[in-house]
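# Structural description and commentary
Each chain, written out:
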Amino acid sequence: MNNSIDRRGAALTDLSLKIWEFAEAGFQEIRSAEAQIAYLKEEGFRIESGIAGIPSAFIAEYGSGKPILGYLGEYDALPRLSQQGSSISKEPVTPGAPGHGCGHNLLGVGALGAALLVKDAIAAGQTAGTVRYYGCPAEELVAGKVFMARAGVYDDLDCCLTWHPFAVNAVQVGSSQAMNSVKFHFYGRTAHAAGDPHNGRSALDAVELMNIAVNYLREHVPTDVRLHYVTTNGGGEPNIVPAEATVWYYVRAPKRSSVEQVYKRVIACAEGAARMTDTTFSIEILSACYDTKNNVPMENMLQRIWEEVGAAQATPEEEAFAKALIEGSCLENHQEAAKLMQKIGLDITGKYVCDFIVPIVESERGVCAGGSTDVGDVSYLVPTAQISAACTAMGTPGHSWQFTSCSASTYAQKAMLQAAKVMGLAGVELLNNEALREEAWQAFRAEGTTYVNPLPADLQPSLDVVKH
């Protein structure tokens, strides 16, 4: 069945590089979605576009009846990370433009390739059921899948798989942070800052006092809570008391319930700041997401298949590129990665590309990483599991120009195709193995957590949002 990926390797690579060149930010990925839709139509998939009111969201489906297997694809780029591909120095293609600094050009096409492998198996009578590829926009805004979940598009799935480009080949057994993304808009009254400041009511003062309050709050929340913010509007000229000011907050914690508790206290900080400055404020929720729920039976199955398929192997030229990139700009990150590998008994001395499969470390199951992803919301609706594939040099920082550079490299494309094989073979096994699916659902139900979509019922996607 690996031939399904091998014979499409050139076409999938071309599609990945095309999306890399488009480099469209969240909710703006129209061309990236259209390119995938065109390819999937040629492959016989049924397409439903504009999912959840999002122009760049779609579902591609093949087969019929139960069981139904889903693959999650992403294709949004990050603002201001434009970068020449396969370059070891910072060279933007277009200064200030987006770039694929998280490898989502690879992520979407790799998941799409896995769906094609399953499609071939269905067409050949090797399995039965339905395979779906979900085109999910705006993951970097932690938004697309949450809106899609609210629309109910995942509710009838039996199992779901996805992956992410990273620096190692591994099954992802950790969790991610639940999060609220929220803007606080303060409103005051203008006045001449020198002539009659007593007549002004400074919205910027309110923002600054809120930030001070939240910084004091940090001492009194669990140590694994993360609170970070940027002031997106601080007023205009210094001689005018600002009538409007805005601060954008991320409230993160390992569990959704903890986010909700801390978020109430952050709102209290805003209320206090408004009272102190005689201003008012409004709250604009941009997005919210759950943590990621693990599924041990599916993770163990993915590990077995990863080890059977094996890792992509770098050519001497690809290894040299990785070494030059790391030694030239992020050697400390590589040294830190080496220390982490040593803890699990792996020596990467002299290695800059991961050409092996990292074993599952039981103590890491469910451990919360620093970031957030809207995959978490899907994982609370249906048994979900993920892998990572080594598409970057070991030590490449996330969300960096170095990651953008790697995302267009020849090695990254090979790793993407390996990920597609692993997920595709896993998908066929899930469709064919009713006992495995039931075991996955038993593990899913064991936690007993009910999913309540965290978005306000009337919130619509901010289709003009560009992440700052």
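See the structure printed just above.
This one's a predicted model, so the numbers in the text were calculated from it and none came from an experiment. (Residues numbered from 1 in each chain as written. Predicted model: local features only at pLDDT ≥ 70, side-chain atom pairs only at ≥ 80, totals over all residues. Heavy atoms only, no water.)

On to the overall build of the chain. Across its full length, the chain holds 14 helices and eleven strands. In the chain, the proportion of contacts linking residues at least 24 apart, taken out of those at least 6 apart, comes to 82%. Entry remark: accessible area of the chain is about 18,700 Å², with carbon and sulfur atoms responsible for 51%. Of the charged side chains in the chain, 36 are positive and 53 negative, and the gap between their average positions amounts to 2 Å. (Helix = DSSP H or I, 4+ residues; strand = E, 2+ residues; numbered from the N terminus. Contact = heavy atoms within 4.5 Å. Areas by Shrake-Rupley, 256 points an atom, 1.4 Å probe, with all protein chains shown as cover. Lys, Arg positive; Asp, Glu negative; His and termini not counted. Charge placed at Lys NZ, Arg CZ, Asp CG, Glu CD.)

Once that is clear, we can look at the nonpolar core. Across soluble globular proteins, you tend to see nonpolar side chains buried next to one another. Ranked by internal contacts, the top residues of the largest apolar core, which has 81 residues, are Leu12, Tyr71, Tyr133, Leu161, Trp163 and Ile387. In terms of residue count, helix α13 (residues 410-432) provides more of this core than any other element does, 14 residues in total. (Core = buried A, V, L, I, M, F, W, Y, C linked by side-chain atoms within 4.5 Å. Buried < 20%, exposed > 50% of the residue type's maximum accessible area, 1.4 Å probe, protein only.)

Before going further, it helps to spend a moment on the sheet that holds strand β7 (residues 178-187). Here four strands make up an open sheet; going across it, the order is β8-β9-β7-β10 and the pairing antiparallel. The strands lining the two open edges of the sheet, one partner per strand, are β8 (226-233) and β10 (280-289). Adjacent strand axes in the sheet meet at a mean angle of 20° when their direction is disregarded. By the bridge criterion, nine bridges tie β7 to β10 in an arrangement that is antiparallel. Along β10, the bridge assignment pairs lysine 183 with glutamate 284. Sheet contacts for helix α6 (residues 203-217): β7, β8 and β9 (244-253); angle to β9, the most-contacted strand, approximately 20°. Contacts from helix α7 (residues 256-277) reach β7, β8, β9 and β10, with the element oriented near 10° to β7. (Pairing = 2+ DSSP bridges. Axes fitted to C-alpha atoms, helices over the stretch in contact; angles between N-to-C directions.)

What follows deals with helix α10 (residues 331-343). In an α-helix, one full turn covers 3.6 residues, which means residues spaced three or four apart are oriented alike. Here α10 spans 19 Å end to end across 13 residues, near enough to the 18 Å set by a 1.5 Å rise per residue. Among the residues making up α10, those that are buried are His334, Ala338 and Met341. Seen along its axis, α10 keeps its buried residues to an arc of 65°; they face one direction. Across from the buried face of α10, at angles greater than 90 degrees, the exposed residues are Glu332, Glu336, Lys339, Leu340 and Lys343. Summarising the contacts, the buried residues of α10 are in contact with α9 (316-329). Phi turns positive, to about 85°, at glycine 345, one or two residues after α10. (Expected span 1.5 Å × (residues − 1). Arc of directions from axis to C-beta.)

The buried count for strand β2 (residues 58-63) comes to six of six residues, which makes it a mostly enclosed element. Pairing between strand β1 (residues 46-49) and β2: four bridges, direction antiparallel. From the neighbouring strand, isoleucine 47 faces β2, where its bridge partner is alanine 60. The sheet contact formed by β2 and strand β4 (residues 130-136) spans six bridges and is antiparallel. Bridging from a neighbouring strand, alanine 60 pairs with tyrosine 133 of β4.

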